[in-house]
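Okay, here's what each chain looks like letter by letter:
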Amino acid sequence: MSQELGIWARYKLRLRRKRLLWRAFRKRREILAISRKTDAIKPKDVLLFATVRNEMQRLPYFLSHYRRLGVGHFLIVDNASEDGSDAYLADQPDVSVWHTSASYKASRFGMDWLTCLMWRYGPDHWTLTVDADEVLIYPDWERRDLHDLTKALDRAGLSAMGALMLDLYPKGPIEDQSYTPGHDPVETLSWFDAHGYWAQRQPKMSNLWLQGGPRARVFFADDPGRAPTLNKVPLVRWHRSFVYVNSTHNALPARLNRVYDEGGLEKPWGALLHTKFLPDAGARARSEKARGEHFADPTLFENYYDGVAANPDLWCPSSVRFESAAQLEHLGLMHRGNLRFDL
């Protein structure tokens with residue numbers, strides 16, 4: 001597939017990018033700082049941006065994991081949490097928190113709010129944009145932190161790294177499991193689908209469209225084309241002219257989406273371990289269905305919500321127990337590419 005688009009197509013993408021930036025600028029009044037510690041941000045800090053709502057199950061481990069990876073500061077928008085997430089985050093020394101009660105869906109599922117913050121604080125930083133249920137890993141992450149990784153990406157001439165969102169799940173009904181906040185969720189969600197993924201290349205914005213895994217297998221078996229998108233571009237060296245388009249599935253300018261192997265040059269590719277299926281998944285599905293804030297047309301996903309709420313067992317005989325990043329490399333779900341760390 002050629003990476004080159006016609007003049008008119010490039011012009012339309014440029015206009016779209018500017019409209020999204022202007023839209024985010026207008027949404028800035030919807031977020032109110034309740035604990036701003038951004039004066040502590042250092043020039044070479046890796047910054048993490050996220051929108052959260054009622055994530056006290058996941059936040060203790062989420063912060064611990066990303067601190068271990070070397071995140072210097074967290075910039076988080078809390079969307080009217082009712083479980084104490086906002087107070088917990090405001091108490092953290094390396095977290096700045098903004099509050100909003102505005103519509104998550106009407107803010108492009110939180111991306112307008114985060115774009116405001118990234119425009120102000122992200123330029124010249126490597127930035128991570130992830131959800132509270134996403135745990136980033138990459139080749140050698142156990143020994144190499146994000147500073148090592150981003151230096152290696154800089155040396156390779158790369159300004160972004162892609163990742164597969166890898167759904168993890170337990171063996172047995174979801175709500176029958178136990179989980180203690182702060183513990184590694186992989187202890188509860190120990191299994192994943194090693195095969196059964198497919199991808200298309202989208203010429204309009206040069207991005208992959210990757211689907212499959214247990215959600216496609218269990219909830220969308222009759223219509224796999226509607227299964228959730230699993231490709232993301234969570235790690236970017238940010239610039240004020242950049243903007244995410246559809247969550248972190250794709251971004252503009254389109255060159256940020258070319259994070260996959262093309263023309264014989266394999267590129268680094270990580271994994272976002274997706275911890276959606278902790279024991280609270282059913283309750284969250286019921287709540288999300290009632291709120292109708294997570295899909296452009298929630299009625300199309302009512303069966304999906306109902307399926308998660310029914311306490312399913314996602315495990316099957318071909319499920320594989322998660323072991324390590326090296327295991328995902330061996331399976332082709334993660335790629336080292338031309339990544340070379342300093343000795």
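Quick notes on the rules
- Residues numbered from 1 in each chain as written.
- Predicted model: local features only at pLDDT ≥ 70, side-chain atom pairs only at ≥ 80, totals over all residues.
- Heavy atoms only, no water.
- Buried < 20%, exposed > 50% of the residue type's maximum accessible area, 1.4 Å probe, protein only.
- Helix = DSSP H or I, 4+ residues; strand = E, 2+ residues; numbered from the N terminus.
- Contact = heavy atoms within 4.5 Å.
- Phe/Tyr/Trp six-rings, centres within 6.5 Å; stacked < 30°, edge-to-face > 60°.
- Lys NZ or Arg CZ within 6 Å of the ring centre and 35° of its normal.

Burial of helix α4 (residues 111-121) is extensive: 9 of the 11 residues sit out of reach of the surface. All of the buried residues in α4 are M111, D112, W113, L114, T115, C116, L117, M118 and Y121. In this fold, the buried residues of α4 make contact with α1 (7-26), β2 (46-52), β3 (71-79), β4 (95-100), β5 (126-129) and β12 (243-246).

Given two aromatic rings, one states the distance between the centres and the angle between the planes to describe the pair. With the rule as written, the count across this model stands at 14 aromatic pairs. With 5.4 Å between their ring centres and 70° between their planes, F219 and Y304 make a pair best called edge-to-face. Taken together, the residues span a long stretch of sequence, with F219 in helix α6 (residues 213-219) and Y304 in helix α8 (residues 302-309) at a distance of 85 residues. Exposure class is identical for F219 and Y304. Each is buried. Here the aromatic rings of F220 and F301 are separated by 6.2 Å at their centres, their planes lie at 65°, and the arrangement is edge-to-face. On the criterion of sequence distance, the pair formed by F220 in the loop between α6 and β11 (231-237) and F301 in the loop between α7 (281-291) and α8 is long-range, its members being 81 residues apart. Overall, F220 belongs to the buried group, its relative accessible area being 3%. Joined through ring pairs, the aromatic side chains of F219, F220, F301, Y304 and Y305 make up one cluster. Lying across the ring of F301, R226 places its NZ or CZ 5.3 Å from the centre.

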